[in-house]
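What the coordinates show
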Amino acid sequence: MKKLMLAIDGSPQSLRAAEYVAEVAPHLPDVGIVLFSVVTGLPPDAEIALDASPPPAHELHGDEDKRDELQSLHALVVRIKELFAGKGLAGDELKVCCRPMRHGVAEDILEEARARGCDTVAVGSRHLSKVMSLLQGSVSDNLVHNANALTLWVVG
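Going along each chain's sequence as written, the residues are numbered from 1 onward. Only residues with pLDDT of at least 70 get local features here, since the model is predicted, and only at 80 or more are side-chain atom pairs given and counted; chain-wide, interface and lining totals rely on the full set of residues. Note that the side-chain values use all heavy atoms of the structure and ignore hydrogens as well as water.

Quick look at the pattern of salt bridges
Our working definition: What counts as a salt bridge is simple: a side-chain nitrogen of Lys or Arg found within 4 Å of a carboxyl oxygen of Asp or Glu. Numbering of helices and strands runs from the N terminus, with a helix taken as a DSSP run of H or I at least four residues long and a strand as a DSSP run of E at least two residues long. Partly exposed describes any residue whose relative accessible area lies between the buried limit of under 20% and the exposed limit of over 50%, with all areas from a 1.4 Å probe on protein chains only and scaled to the type maximum.
Under the criterion given, the structure shown has 5 salt bridges. Of the charged contacts in the structure, one is a salt bridge between Lys-87 and Glu-23, with a shortest N-O distance of 2.6 Å. Taken together, the residues Lys-87 in the loop between helix 2 (64-86) and strand 3 (94-100) and Glu-23 in helix 1 (residues 12-24) connect sequence positions 64 residues apart. A relative accessible area of 35% places Lys-87 in the partly exposed class. The shortest N-O distance in the salt bridge between Arg-116 and Glu-112 comes to 2.7 Å. Residue classification places Glu-112 among the buried positions, given a relative accessible area of 11%. Salt bridges here are not isolated pairs; linked through shared partners, they connect Arg-99, Asp-108, Glu-111, Glu-112 and Arg-116.

Details of the nonpolar core
Heads up, the rule is: We call a set of buried Ala, Val, Leu, Ile, Met, Phe, Trp, Tyr and Cys residues a nonpolar core when their side-chain atoms join them within 4.5 Å. Any pair of residues with heavy atoms lying within 4.5 Å of one another is described as a contacting pair.
Within the largest apolar cluster, 28 residues are counted, with the highest numbers of intra-cluster contacts made by Leu-6, Val-21 and Phe-84. Looking at this core, the elements that each hand over two or more residues are strand 1 (3-7), helix 1, strand 2 (32-39), helix 2, strand 3 and strand 5 (151-155). It is helix 2 that contributes the most residues to this core, 6 residues altogether. Apart from the residues within four sequence positions on either side, Phe-84 is in contact with Leu-6, Ala-18, Val-21, Ala-22, Ile-33, Leu-89 and Leu-94. In terms of nonpolar packing, the next biggest core, distinct from the first, is built from 16 residues, Ala-7, Cys-97, Ala-106 and Cys-118 among them.

Looking at the environment of Leu-143
Locating Leu-143 in the fold gives a position in helix 5 (residues 139-146). Residue Leu-143 is classed as buried on the basis of its relative accessible area of 0%. With residues near it in sequence (within four places) discarded, Leu-143 still touches Ala-106, Ile-109, Leu-110, Val-123 and Leu-152.

As for helix 1
Spelled out, the test is: A helix is expected to reach a length of 1.5 Å times the quantity of its residues less one.
The terminal C-alpha atoms of helix 1 lie 19 Å apart, and with 13 residues this matches the ideal 18 Å at 1.5 Å per residue to within 8%. For helix 1, the full list of buried residues reads Gln-13, Ser-14, Leu-15, Ala-17, Ala-18, Val-21 and Ala-22.

Brief notes about the packing of aromatic side chains
The condition is simple: The pairing test for Phe, Tyr and Trp rings, Trp by its six-membered ring, is centres within 6.5 Å, and the orientation test on the planes gives stacked under 30 degrees, edge-to-face over 60, and tilted for anything in between.
Applying the stated criterion across every chain, the model contains 1 aromatic pair. Both rings, one in Tyr-20 and one in Trp-153, keep their centres 5.6 Å apart while their planes meet at 90 degrees; by these two values the pair is edge-to-face. Taken as a pair, Tyr-20 in helix 1 and Trp-153 in strand 5 lie far apart in primary sequence, 133 residues in all. Classification of Trp-153 by relative accessible area gives buried; the value is 18%.

Right, here's the structure in full:
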């Protein structure tokens, strides 16, 4: 494995996936890690530095909820970076990026993973029932069906 993308969304499931990656990654020599998030409601050309402190202000399509979401993601990134640093995974091995949703969350994750040369994608799972997954959609289910030529870790 050369590069792993950890897709996060600010949820407790994202933190569980990060904890799993933090346990496994130290055993993978020279692995690069990309922390990535897709955010809705941002202008199409927006690039967010989630590891900046504080998160930069942007023109948001929506309301204060979007600013709160970005601040929540920033707090999760800080927490994940501390977790990784405690496992010896810090510095050059970790890249943090965020982009606005263009096609759909799963599609954007896969597109970004391929563009960044990642061979593995790790995500958290909400464990939706089949009915709820059908009604709400499931990012992890969509990733499973479309992650051609990528290894996928779905952490529950």
